[in-house]
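Analysis of the macromolecular model
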Amino acid sequence: MEDEFEALSTPSFLTESLDMAMEVENEKPPCFSCAFDNQNGGRSFSAESYLANGSLKRVLLRLDPSPNDYEEDVVEMFGFQWVTEMALVESCGFLFGLLRQQICRLENLVQMSSSDFGQAVNLHSEAESIRHQCIKFLHYVKVFIFRYLEPPKVENDGMLHPYEELEAQLPSVLVEELHALTMHIGHLCELPSSVLAAFTIQHQAKVFPPSWHLLHLHLDINWLILEVLHVLDEKMMRQVVYANQFINLTGENLTSVSLFEKHCGNLISDLISLSINKYTKLQCFWSLVNKTLKNIFERPSSSEGMSGFEAIQCKDPLSFSWWIVSHLASLYQFDRNGNLDEKKQKESNWKFVEELLKKSTDAQTGVLEEHLRMHLQCCLTLCSFWDLNLSIVTILWDYYSKNLNSGFTVPWLGLKDLANVSKTSLSMLELVKCCCCEQQIPSLYKSRNSYFIFLCILARMIKEENSGMHPWKQIKGRIYSKFHRRRMQELTEVGLQNFFNLFLMLAIVVETEDIVSRVLDLLDFLAPSSITMSQRALIWRGHFAFLLIYVEKNMDVSVLAEKISSAFREKAKEFLVNKNDYTQRHNLWTLLSTYVDGVQEVFETSCYLSLSEEKLLNDGFTMLLPACRGAELSMVLNFLQVVLARLRSVHERVSQGLQLGNTAPDAQLPLVAKEHHLAVASALWRNFFPYLKSQRMSQMPPSPQLADTAAGFTLLALDIPSKALSDLQPQPVLSMMQLFGWDDMVWPQLVSRYLSHLIQNSSLCEAFSSMGYTSYEALTVRSWFRCILQMFIDQPSGVLAKTDAERTVGKAYMEQLTEMTRLIFKLSEVENILSKARVEESVFKQDPKYALVQFIKAVGRTYSGLQTLPEKSAMVAKTLEYLGDILKYVKPYLKAKGPPEGLQLTYWIIGCLVKFWAPILATSKAQQLLFRIVDCLLLPHSVLQQDKELPVALLSAIQESLPLYLQGLSFICCQSQTQGAYLNQLLGSIIRHYFGRFLPSSPTVPGTGQHPMLTALCSSITAPQMLRLRKTTLHVISENYMQFKGNAPPPRLASVLAFILEVLQRTQSTELCDIELVLPSVLKCMVLVNELQVKKISTDIVQNVVEGCQAGSGGEHATQLTSVFRQFIQDYTAVYDHRVFSILETVAVLDQMLVTSLIPTITQSLKDLEYKQGLGRNAAQREAYKRLLSYLAEAGQNEIQKLENEADE
């Protein structure tokens, strides 16, 4: 019967022709039978069996299961007559109930078993009849489903016939009944031992006890349940059938699919368990298995005289043997109920496995790598089930020791399978750790090569200790003996990787120091001249992998560290010497980067940094760093940051442990660790910091990592100040800030990033407070000023101006400045100023330039709100500290006359300082800075040379920002007590030099923009400030731009007059200075200049002045206006009498009273002129005068009458 089970799982029996499947079945339905037909000297299955009968083939080919049966309208089952086409629908539950009754009848017959032959024959007949009825019913169920069950249809909303409703429910009812039947019969292995003993009955017998029939009925029912479920699945077009009642009763899901799978699993488990238990009792199970498997290897030419299983032709008998042995061995750990039984004795089969292993590793056999992986995976599985067997290791080591240079790859896996050499020491170690893992990895053969699986087997064997036996001591010599000078020199890079993988695994599992010592000795066999750079890099990675093992095992690394660091020093020196040889640099960097990566992994892995890790940070780095470029330097600096951060983190943790007063057994560890931390810190300062310090003023902008690393050293100086270099003592933190944060010569990119790391560090703030250094925040603000002012410092000066700052500065630096600004605004001093000035928090989110201007305004408002002199004096000192030598920051822009963005930024920011800090700059402490600003920015030597053209970018920057300076200076002129005269002179000088530079050649010239002085005069400033600026401006214009040379007018007169008119019109007011300084010159222009544009603008100016005086309150303006006109009459009547009278006529229209008050002056001037001429009365002049008087109402008429009376005399 076992052979029949084996044959059922053999696909070759399902490949016969369709004709055989169409053969007519016997009258008796197929069933399980242990009786063979003996014909032609051979053995074949019984004609009643499912295979020989063709029943299984018909089911699989989707044919009618029993084409000649159940053809009548009525069928007899269990002694009743049933309608063939309706019975299962109408009476499904009843029929299955009858089936269970018959099973119970047969179970009762088993109890009545008798040794009397006559009684035994009767029991046999009755039991056989019961079994036949049960089998017939289940076959009927199968036929009914195939012939009469309708496939699923789309739901019909209409009413169904009661039979149709039952028919629709039949699939669900069948699943429930089949599930109930499986629960009723239970597992095969749960049958009583008296029933299971029927397996031993000789198959030649003709009369069988009821137990034999019951056992075979169980087999029939289990098999037929699977067939019924399969036919149901096909009929339902593979739709899942749910057992509705089962769901309703228990709340669990039961489907046709889940029932099929569960039943298959239970059945297979039962059969195998029964087989093992049977052969364990009768004869050695493994002996039979081995015998059967050995027959497969013989590959007989003919299958005659063999059983079905023995006749199988296996394509890969070796792999099949490995698979079946490993899976059968796993079943020994379970009891007959499928529960894990750890106490159960496990019988091994190592001898046969050794033979398999020899076949797998036999070079003549030529087993492919992908097969070998599977074989060793099975072997590894067996190691977890069976006791220790060192012969396995011996066989495998003999094979792999000869093939160390092999990559053990599978060609068809492509690149996925080519990664034989690890890229880092940590990845190398992690890979090897998988070999030492107790947990089984089912797909190990897919992710690792066969050599790694061998290492897993070796690791498992070594770790086991059986009866005091230490496996390592037994195989140690065998492994070591395979390595000698010649063998080591034969190893390729892949071979070296396999060499390291082996010894790394051994170092993890057994005597670490002994293993590492042996490895170092073996590596000394390698000739240095024959080692390639990639091989040396691999050797270094191997060293670091061993270092990581030391660290994980908390072992001191000094010996290993000194050996590898000495080699590093030599290569770093070679790298420095050959820094200009690209090929040599590239090769050496491959090696040096391996060292850097390895040291970083050691520091990241070490828990306390108390294992002499400082030995790895030797003076080789002092030679490596100066030779690094670009990505190389970036890598080393990133590594340095990691080491600094790791040291600080571990030191803080250890220091906290010391403060808590640890009394544990390892209480001395913090003290030891602290000594090592001091050594690490000393090595970092000694071997890394000098290079860092030298780069802060490099020719090109430094990399961001330089700032990050400098910040790390600063925090290290805060945590471990004693080990900082002597030139940084006694206050290393302060010295670091002065070097990298507050030094005006350091690149702003470095400063901004450096300070952004430290501004909000509370420990740093506390340190400065404790040392009484109060300028910490002020100096940081000063650096912020400089970083913003110098944001364009590295831009070429010849480029055109761009409005998008991010394009010219670089997005990264703009983001850095934005972050720095955000942090600056959180400093306590800055927060206090912003709070008093009521500046919104959203300011720091703006562009850094605008945020700086907002801060400048806030400082100015805060100062203006102070009341006492001491407060104001302290504020002035603080603001000057904020600025520092601000002109030094912008000197590069001024010297290079560019770039345009830099010049615009410079003039704008400092212009805002002059305007909004005018009250501060007016003080004696700050005036010196003001004078320097004017000298450097507004009145440099190039500006004083009027005949020399200024660069366009410079002139544009001044034009945009000049109003800020003029407004600020005018305020200072009003406030200053001691330097008022000099300041007025400075203001006038600035106006004199720039008024003409920005004055267009003609008022109508397009594109000239608004004159900056016009902007300054027309902005909203205080009255005294505006008056001072207006008076000075008009005085300069009058003295320098409206002076005639004889009767020749000055150049660009129309533009000058247009400027004055624009001021009058936009301010909508007339001041005394307008009358005193402008009006006389304008009247002169009206008299002497015939140009229509000049006359028109002059007339408009006069009109504005006169009307302004009329609108003004008080008589001072009118008096001054009268005085100017009186002088005008006296100066020009003698020569230009007609023009004077014409001008006065125009004025009379605007202000009759003004001209009326001038009648005596005009009359006297007329008489004086006539007297001087000595020709008597001048009739023409008098007529012109009378025409003027005619505009003056009664007073004019009276004067005309007087003149006529004089003429009559």
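Conventions used here
- Residues numbered from 1 in each chain as written.
- Predicted model: local features only at pLDDT ≥ 70, side-chain atom pairs only at ≥ 80, totals over all residues.
- Heavy atoms only, no water.
- UniProt positions renumbered as here; feature names shortened; annotations may be inferred.
- Helix = DSSP H or I, 4+ residues; strand = E, 2+ residues; numbered from the N terminus.
- Contact = heavy atoms within 4.5 Å.
- Salt bridge = Lys/Arg side-chain N within 4 Å of Asp/Glu carboxyl O.
- Buried < 20%, exposed > 50% of the residue type's maximum accessible area, 1.4 Å probe, protein only.
- Expected span 1.5 Å × (residues − 1).
- Arc of directions from axis to C-beta.
- Pairing = 2+ DSSP bridges.
- Disulfide = S-S within 2.5 Å.
- Axes fitted to C-alpha atoms, helices over the stretch in contact; angles between N-to-C directions.
- Parallel < 35°, antiparallel > 145°, perpendicular 65-115°, else oblique.
- Left-handed = near helix turned anticlockwise from the far one by under 90°.
- Nonpolar A, V, L, I, M, F, W, Y, C, P; charged D, E, K, R; others polar.

Per an unreviewed UniProt entry, the chain goes by the name Protein MMS22-like and belongs to Lepidothrix coronata. One UniProt comment on the chain, placed under Sequence similarities (unreviewed entry), says "Belongs to the MMS22 family. MMS22L subfamily."

Before going further, it helps to examine the overall build of the chain. Each helix and strand counted, the chain has 58 helices and 4 strands in total. Within the chain, residue pairs in contact and separated by at least 24 positions form 76% of the contacts whose partners lie at least 6 positions apart.

Our focus in this paragraph is the pattern of salt bridges. Two side chains bearing opposite charge may form a pair once their charged atoms approach each other closely. Enumeration over the complete set of coordinates arrives at 34 salt bridges. Glu829 is paired through a salt bridge with Lys878; the nearest N and O atoms lie 3.3 Å apart. Remark: Lys878 occurs in helix α41 (residues 869–883) and Glu829 occurs in helix α39 (residues 828–836); sequence separation between them is 49 residues. The partly exposed category is assigned to Lys878, whose relative accessible area is 22%. The partner of Arg1030 in a salt bridge is Asp1074, and the shortest N-O contact between them spans 2.8 Å. One end of the pair, Arg1030, is in helix α50 (residues 1023–1041); the other, Asp1074, is in helix α52 (residues 1072–1088), and 44 residues separate them in sequence. Take Arg1030: its relative accessible area is 1%, and that puts it in the buried class. One network of salt bridges, with partners in common, ties together Asp64, Glu71 and Arg147.

A few words now on the environment of Cys264. Mapped onto the elements of the fold, Cys264 is located in helix α12 (residues 256–282). Taking relative accessible area as the criterion, Cys264 reaches 21% and is therefore assigned partly exposed.

This part is about the environment of Leu357. Along the chain, Leu357 falls in helix α15 (residues 350–360). Leu357 gets classed as buried once you look at its relative accessible area, which sits at 0%. C-alpha of Leu357 to C-alpha of Trp322: the two residues are 35 residues apart in sequence and 9.1 Å apart in space. In contact with Leu357, other than residues within four places in its own chain, are Trp322, Leu376, Ile392, Ile395 and Leu396.

Taking 1.5 Å of rise per residue, 12 residues should cover 16 Å, and helix α24 (residues 512–523) covers 16 Å from first to last C-alpha, within 8% of that figure. Restricting attention to buried positions, one finds in α24 the residues Thr512, Ile515, Val516, Val519, Leu520, Leu522 and Leu523. Taken down its axis, α24 places every buried residue within 160 degrees of arc, on the same side. Residues of α24 that are buried make contact with α21 (471–480), α22 (485–490), α23 (493–509), α25 (533–552) and α26 (558–577).

This next bit is on the pairing of strand β4 (residues 80–83). Sheet analysis places strand β3 (residues 74–77) next to β4, joined by 4 bridges and oriented antiparallel. When the sheet's bridge partners are listed, Val74 is paired in β4 with Val83. Where β3 hands over to β4, the hairpin turn is made up of 2 residues, of which Phe78 adopts a positive phi near 55 degrees.

Quick look at the state of the cysteines now. The tally for this structure, following the rule as stated, stands at 0 disulfides. Its sulfur unpaired, Cys973 is 6.8 Å from the next cysteine sulfur, which belongs to Cys974.

Right, let's talk about the packing of α50 against α52 for a bit. Two quantities define a packed helix pair, namely the angle between the helix axes and the distance between the axes. Contact pair α50 / α52: the axes reach a minimum separation of 9 Å and the direction vectors enclose 20 degrees. One way to sum up the angle between α50 and α52 is to call them roughly parallel. Here α50 runs over α52; the crossing is left-handed. Contact with α50, carried on its side by Leu1027, Arg1030, Lys1031, Leu1034, His1035 and Ser1038, involves Cys1073, Asp1074, Leu1077, Val1078 and Ser1081 of α52 and no other residues of that element. Classifying every residue of the contact of α50 with α52 gives 5 nonpolar, 3 polar and 3 charged.

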